[in-house]
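# Descriptive structure summary
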Amino acid sequence: MIAIDRQLRRYFILVTVISVLVIFLLANAGMNFFFTRYVRESNLRSDNKVVSYIEDLYQANNGTFNSSFHVLVPLARGEGIEIRLKDLSGNVLLDTSAMGGMPWGNMSGRGMSGNGMGHGYRKGMESRSWEKEDLLYREYPVYFDSKKVALVEIGRGKSVISSAQDRSFFLTMNVLYIGALFLALVIAVFISSYVSKKFLRPLLAVKRNIESIAENKHNRLETVESSTTEIHELYRATRELSRTLQEQENLRKRLTSDIAHELRTPLATLQSYLEAMIDGVWQPTPERLSHCYDEIIRLTGLINNLSELSSIESEEILLNMTSVDLSKLMKNIVDTFQPMFKGKDIELTGIIQEDVRIRGDAARLNQIFVNLLSNAYKYTREKGKVTVTVKAAQGKAVVEVSDTGIGIAAADLPYIFERFYRGDPSRSRESGGSGIGLTITKALVEAHNGTISVESEPDKGTTFRVVFDLHNIFKSSS
Ligand code: ADP
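Reference entry: report on the structure contained in this document. (Residues numbered from 1 in each chain as written. Predicted model: local features only at pLDDT ≥ 70, side-chain atom pairs only at ≥ 80, totals over all residues. Heavy atoms only, no water.)

### Some remarks on the overall build of the protein chain
Summing up its helical and strand segments, the protein chain has 9 helices and 12 strands in all. Out of the 478 residues belonging to the protein chain, those deemed buried represent 38%. Carbon and sulfur atoms make up 57% of the accessible area of the protein chain, which totals about 27,600 Å². (Helix = DSSP H or I, 4+ residues; strand = E, 2+ residues; numbered from the N terminus. Buried < 20%, exposed > 50% of the residue type's maximum accessible area, 1.4 Å probe, protein only. Areas by Shrake-Rupley, 256 points an atom, 1.4 Å probe, with all protein chains shown as cover.)

### Looking at the packing of helix α6 (residues 326–343) against helix α7 (residues 362–378)
The geometry of α6 relative to α7 is characterised by a closest axis approach of 10 Å and an angle of 35° between their N-to-C directions. For the pair α6 and α7, the sense of crossing is right-handed. Here α6 contributes L326, L329, M330, I333, F337, M340 and F341 to the contact with α7, which in turn contributes A362, L365, N366, F369, V370, L373, S374 and Y377. Here the residues of the contact of α6 with α7 sort into 13 nonpolar, 2 polar and no charged. (Axes fitted to C-alpha atoms, helices over the stretch in contact; angles between N-to-C directions. Left-handed = near helix turned anticlockwise from the far one by under 90°. Contact = heavy atoms within 4.5 Å. Nonpolar A, V, L, I, M, F, W, Y, C, P; charged D, E, K, R; others polar.)

### Looking at the packing of aromatic side chains
Considering all chains together, one arrives at 8 aromatic pairs under this definition. Arranged with centres 6.2 Å apart and planes meeting at 85°, the rings of F417 and F464 form a pair that is edge-to-face. In this pair, F417 is assigned in the loop between β10 (396–403) and α8 (425–430) and F464 in strand β12 (residues 461–469), connecting sequence segments 47 residues apart. Owing to a relative accessible area of 6%, F464 belongs among the buried residues under this scheme. (Phe/Tyr/Trp six-rings, centres within 6.5 Å; stacked < 30°, edge-to-face > 60°.)

### Things to note about the environment of A447
Examined against the element boundaries, A447 turns out to sit in helix α9 (residues 437–447). Since its relative accessible area comes to 28%, A447 is described here as partly exposed.

### Describing the pattern of salt bridges
Applying the stated criterion across every chain yields a total of 23 salt bridges. Between K86 and E139 there is a salt bridge, and its shortest N-O distance comes to 3.8 Å. Highlighted residues: K86 in strand β1 (residues 82–87) and E139 in strand β4 (residues 135–144), separated in sequence by 53 residues. Between K217 and E215 there is a salt bridge, with the nearest N and O atoms lying 3.6 Å from each other. You can call E215 partly exposed: its relative accessible area is 45%. (Salt bridge = Lys/Arg side-chain N within 4 Å of Asp/Glu carboxyl O.)

### Quick word on the nonpolar core
Ranked by size, the top nonpolar core spans 46 residues in total, and within it L326, M330, F369, L373 and F468 carry the most contacts. Broken down by element, this core gets its largest block of residues, 7 residues, from α6. With residues up to four places along the chain from it excluded, the contact list for F468 reads L326, I358, L365, I368, F369, G395, K396, A397, V445, H448 and G450. Of all hydrophobic cores here, the second largest spans 20 residues; its members include I81, L94, F144 and I154. (Core = buried A, V, L, I, M, F, W, Y, C linked by side-chain atoms within 4.5 Å.)

### Considerations on a nonpolar patch on the surface
Taken together, the side chains of Y11, L14, I18, V22 and L26 make up a nonpolar region of the molecular surface, amounting to roughly 530 Å² of accessible area. Inspection of the secondary structure puts V22 in helix α1 (residues 4–60). (Patch = residues over 30% accessible without salt bridge, like charges linked within 9 Å, V, L, I, M, F, W, Y side chains within 5 Å.)

### Describing the packing of α7 against α9
α9 packs onto α7 with a crossing angle of 145° between their chain directions and a minimal axis gap of 9 Å. Viewed along their axes, α7 and α9 form a crossing whose handedness is left-handed. Mapping the contact onto sequence places R364, Q367, I368, N371, L372 and N375 in α7 and G437, L438, I440, T441, L444 and V445 in α9. Class assignment of the residues belonging to the contact of α7 with α9 gives a composition of 6 nonpolar, 5 polar and 1 charged.

### Some remarks on unusual backbone geometry
Where the residue is not glycine, phi is negative for most of them; where a peptide bond is considered, it is trans in most cases. Here N62, not a glycine, exhibits a phi torsion of approximately 50°, which is positive. Accessibility expressed as a relative area gives 64% for N62, which makes it exposed. Backbone geometry places K383, a non-glycine residue, at a positive phi of 70°. Inspection of the secondary structure assignment puts K383 in the loop between α7 and β9 (385–393). Judged by its relative accessible area of 68%, K383 falls in the exposed class.

Right, here's the structure in full:
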């Protein structure tokens, strides 16, 4: 394991070295290539000027060779070249190297320019070349009156970068590159430490936050400022994790206390009844025994509800999925509930669109709507109205159970699907509710990939809306 700042520094240094090396190599190669070409062409032009100058000398001397050609010696010296003039039989007429010519070393071709000599570059002039000692020789014909009268060999330094000045130019360039490399390395180290600090500081803060979460010290979470999207998202995710864990923790604590509370009341009643009967204070009359029995039934119901809820929530629930005709199912439920509602003088109406089908477990769907209708019954007073609507809209099956009952206070609305939550505990307990019914209902709806929502106004009524995906609405049977 390597710390992020060391890793970053390594990468930065590597990238810097590679970049400078690439620039160095490319610049050297490019310079060598273009420079060499330029010098070669320039040399050729200068050679042509020398040949033209020699032809001019022949012209001035009527095609003969004489001592005036010795002027070539200072010329060769000035240009840093060697000139060897030969007649057509190969006899050397003049050889500047044998006459104390200048040691080469000056980059040739440039001294000749602008002195008015020669006729410029002669294209197509035949020449051959060879190397001798450190010189590269080229041979050119010399013409007088369109007749070849002599041959001239011009020798120049082999190395293109021959002069001390030029060599020092290349050296300086490369020294500058090495300097640039060191400078770039120093900058890379600085930038890498800046960058690693920029990323590390918030990352370390997030790490500390995670440690606090692990120690269950959620109040110790630091605020992390970072302009980096990913780090900001990481920070937000840890905050979210902390929030969820706290919620879970609170839920767990509340659940334990709620269960204890739910069990305590019926058990205390049972205990006092039975104690009184054992002590002979109370006669075990059928009425008292039946009261004890009711409490036991309530306890069993509560435990059954809890175990059902836990199995639904732990996704152990196995849904027997088929294509269910929701319209038929709802009609049946409404019919079944009709006598019960009539008994309380509540008008129960079903506005049910035909053939609304969904994929689901018929028994579980039944349970969902029986729960909702039972609540509507429980929380609607006599002469109230309950309406069940089933319709298909925009690819969804929508079932609404509306009542004109007591309604739910706005403060209670967000919590009614939570375990043991009762809007009005005394009234709910009277009606036998334990606050688990809607939790189970919601879990079952969600197991069907559906959604459940509620709208309510105290003393006006409540509407529960359950939405599922439609299943092949045009097919009439499964
Ligand atoms: P309970 O067994 O207490 O009815 P539920 O989970 O079914 O538990 O409901 C939770 C709470 O939501 C109830 O205690 C009640 O306050 C409120 N509630 C549910 N349905 C209705 C309704 N149709 N009208 C008014 N209040 C309702």
